[in-house]
Amino acid sequence: MIVWAAVVVILLSLGILWKVPDEVTRFTLIMPLFAGFILFSILITSDEELEGVSPTKKAAKK
């Protein structure tokens, strides 16, 4: 799911770079895309993956 979100962000960013002539406007439009991707990836990732413990190791401990 994160890979698809990254592909969408990259395609939208390339479209913005291609269509928008002003550099400041480009930056203003692209930064929320990357911020949204980072927030999405944080929210979709489980806590165990963020702590470095894989779900299989946690199940083996129980």
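See above for the structure.
Each value, and the rule that gives it
Residues numbered from 1 in each chain as written. Predicted model: local features only at pLDDT ≥ 70, side-chain atom pairs only at ≥ 80, totals over all residues. Heavy atoms only, no water. Helix = DSSP H or I, 4+ residues; strand = E, 2+ residues; numbered from the N terminus. Buried < 20%, exposed > 50% of the residue type's maximum accessible area, 1.4 Å probe, protein only. Areas by Shrake-Rupley, 256 points an atom, 1.4 Å probe, with all protein chains shown as cover. Axes fitted to C-alpha atoms, helices over the stretch in contact; angles between N-to-C directions. Parallel < 35°, antiparallel > 145°, perpendicular 65-115°, else oblique. Contact = heavy atoms within 4.5 Å. Nonpolar A, V, L, I, M, F, W, Y, C, P; charged D, E, K, R; others polar.

Asker: Would you mind going over the overall build of the chain in detail, with residue names and values included?
Answerer: From N to C terminus, the chain includes 4 helices and 0 strands. Counting from the amino terminus, the chain carries its helices and strands in the arrangement α-α-α-α. Counting across all 62 residues of the chain, residues that qualify as buried make up 13%. Per element, the accessible surface of the chain, about 5200 Å² overall, is 72% carbon and sulfur.

Asker: Report on the packing of helix H1 (residues 2-19) against helix H2 (residues 23-44), specifying residues and quantitative values.
Answerer: Interhelical geometry of H1 versus H2 gives an angle of 180 degrees and a closest axis separation of 10 Å. Judged on the interaxial angle alone, H2 and H1 are roughly antiparallel. Counting all contacts with H1, which are made through Ile2, Ala5, Ala6, Val9, Leu12, Ser13, Ile16 and Leu17, the residues of H2 involved are Arg26, Leu29, Ile30, Leu33, Phe34, Phe37, Phe40, Ser41 and Ile44. For the contact of H1 with H2, the per-class residue count stands at 14 nonpolar, 2 polar and 1 charged.

None of the figures reported here should be taken as evidence of function without further support.
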